[in-house]
Amino acid sequence: MKTNELELYYFGEAPFQNIREKHFANLKEIIGVEELLNNQDLTDYEFEHKQRTIFDEIYKYISSNKRIRQDFYNAYGVVLIDTLCQFVLESLVADEVIKNNLKIDIFLDAQSIVYCDESCPLHIFLWHKQGISLSKYSKEESRDYDCLDEQPESEIFGLEFQDEK
């Protein structure tokens, strides 16, 4: 994807811009910007381990307080932790590529931590073929989980998501 496509897809709507402005600097500091790129020499095991470690850091950050959780839920509309972490990680890599005007296809270039070999994620494929935005895809992805909206956060996300006292 070209940088203008990344900008449009990942940050084209206000809730995504809000996440970018309020939380990306903190997340990049926690994760380390260098962890997002320069992964081309990793073995498959090292790549997956690194990606899982970054997912864990994203999860810890999002779960750190109710305001942050609400910001991310309002933007992505996803309650599935792996899906949410994947979208956030892709967005972080996209942001880094855009800000530095790098000529990297985040899904097809092995140096990217969201590298997908010779394919791209389903949500990107649907955007290219059917014009489905990340926001719309997120809502469709979590539509089956709408019943969770009626449950307390602690039952959806687990005890670590309980309100702070």
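Per-chain numbering applies: the sequence of each chain, read as written, is numbered from 1 onward. Residues qualify for local features only when their pLDDT is at least 70, as the model is predicted, and side-chain atom pairs are given and counted only at 80 or more; totals for whole chains, interfaces and linings, by contrast, use all residues. Hydrogens and water molecules were not included; the side-chain quantities draw on all heavy atoms of the structure.

Before going further, it helps to examine the pattern of salt bridges. Take a side-chain nitrogen of Lys or Arg and a carboxyl oxygen of Asp or Glu: if they are within 4 Å of each other, that pair is a salt bridge. Overall, the coordinates contain 10 salt bridges when judged by the stated rule. Measuring nitrogen to oxygen at the nearest pair gives 3.4 Å for the salt bridge that ties lysine 60 to glutamate 57. You can see lysine 60 and its partner glutamate 57 sitting in helix H3 (residues 44-62), three residues apart, about one turn around the helix. With a shortest N-O distance of 3.5 Å, aspartate 95 and lysine 99 are connected by a salt bridge. Residue aspartate 95 and its partner lysine 99 are both found in helix H5 (residues 81-99); the two are separated by four residues, about one turn of the helix. By relative accessible area, aspartate 95 is classed as buried at 0%. Linked through salt bridges whose partners overlap, the residues forming this network are Glu7, Arg20, Lys28, Asp95, Glu96 and Lys99. Strands are runs of DSSP state E lasting at least two residues, helices are runs of H or I lasting at least four, and both sets are numbered from the N terminus onward. Burial classification: accessible surface area is computed with a 1.4 Å probe over protein chains only, and a residue below 20% of its type maximum counts as buried, one above 50% as exposed, and the rest as partly exposed.

Averaged over every residue, the pLDDT of the protein is 85; residues scoring 70 or more account for 85%. Per-element confidence in the protein is highest for helix H2 (residues 14-31), whose mean pLDDT is 96, and lowest for helix H8 (residues 153-157), whose mean pLDDT is 56. Scored between 0 and 100, pLDDT is the confidence that the predictor attaches to each residue. Here a residue-residue contact requires only that any non-hydrogen atoms of the pair lie within 4.5 Å. The low-confidence segment residues 159-165, where pLDDT is below 50, has 18 contacts with residues more than four positions distant or belonging to other chains.

Below, the discussion takes up the packing of aromatic side chains. Think of it this way: a Phe, Tyr or Trp ring, Trp meaning its six-membered ring, pairs with another when their centres are within 6.5 Å, and the plane angle makes it stacked under 30 degrees, edge-to-face over 60, tilted otherwise. Here the structure, examined in full by the defined rule, presents nine aromatic pairs. Arranged with centres 5.8 Å apart and planes meeting at 80 degrees, the rings of phenylalanine 11 and phenylalanine 24 form a pair that is edge-to-face. Taken together, the residues phenylalanine 11 in helix H1 (residues 3-11) and phenylalanine 24 in helix H2 connect sequence positions 13 residues apart. By relative accessible area, phenylalanine 24 is classed as buried at 1%. Arranged with centres 5.1 Å apart and planes meeting at 65 degrees, the rings of phenylalanine 16 and tyrosine 76 form a pair that is edge-to-face. Of this pair, phenylalanine 16 sits in helix H2 while tyrosine 76 sits in helix H4 (residues 66-76); the two residues are 60 residues apart in sequence, bridging distant segments of the chain. The buried category is assigned to phenylalanine 16, whose relative accessible area is 2%. Since its relative accessible area comes to 2%, tyrosine 76 is described here as buried. Following the ring pairs from residue to residue traces out a cluster consisting of Phe16, Tyr61, Phe72, Tyr76, Phe87 and Tyr137.

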